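Summary of structural features
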Amino acid sequence: VAGRVAVNTTLGAGISCLVATIVSKNILGFYDLTFCLNGLLAGLVSITASCAVVETWGAIIIGVIGSLIYIGVKHLVKKGKVDDPLDAFAVHGACGAWGCLAV
């Protein structure tokens, strides 16, 4: 079980970071370190609830969707003019809820 947890956690976080980095390049026109690191955290938060019970392909899908949820909620919060300079709700609130649903 410990091996599965380590692999799934690493895959979910890594793919989420990669997706956020690619999307930041497409949206902003340059690579943004905050997108990358918050994407990494979004992947970690998304996979934490289910890392022991999903297959490796599921961890990858959960990480990709977590990253997209982070980016979408980040823009919704900004559009709603809510003060969240660290994107805490997008990372922990929205991706945490996604992680619970993904179980």
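Residues numbered from 1 in each chain as written. Predicted model: local features only at pLDDT ≥ 70, side-chain atom pairs only at ≥ 80, totals over all residues. Heavy atoms only, no water.

This part takes up the packing of aromatic side chains. Applying the stated criterion to the full structure yields 1 aromatic pair. Judged by centre distance (6.2 Å) and plane angle (70°), the ring pair of Phe35 and Tyr70 falls under edge-to-face. Of the two residues, Phe35 is situated in helix α2 (residues 33–48) and Tyr70 in helix α3 (residues 56–79); the sequence distance between them amounts to 35 residues. Since its relative accessible area comes to 0%, Tyr70 is described here as buried. (Phe/Tyr/Trp six-rings, centres within 6.5 Å; stacked < 30°, edge-to-face > 60°. Helix = DSSP H or I, 4+ residues; strand = E, 2+ residues; numbered from the N terminus. Buried < 20%, exposed > 50% of the residue type's maximum accessible area, 1.4 Å probe, protein only.)

On to helix α4 (residues 88–102). Over its 15 residues, α4 extends 20 Å from the first C-alpha to the last, a length consistent with the 21 Å expected when each residue adds 1.5 Å. Looking at the buried positions of α4, the neighbouring elements they touch are α2 and α3. (Expected span 1.5 Å × (residues − 1). Contact = heavy atoms within 4.5 Å.)

This next bit is on the pattern of salt bridges. Per the counting criterion, the structure on display carries 2 salt bridges. Arg4 serves as the salt-bridge partner of Glu55, at 3.7 Å between the closest nitrogen and oxygen. Here Glu55, found in the loop between α2 and α3, pairs with Arg4, found in helix α1 (residues 2–28); they are 51 residues apart in sequence, far enough to count as distant. A salt bridge links Asp87 to Lys74, with the nearest nitrogen and oxygen atoms 3.0 Å apart. With Asp87 in the loop between α3 and α4 and Lys74 in helix α3, this pair connects stretches of sequence that are 13 residues apart. Each member of the pair, Asp87 as well as Lys74, is classed as buried. (Salt bridge = Lys/Arg side-chain N within 4 Å of Asp/Glu carboxyl O.)

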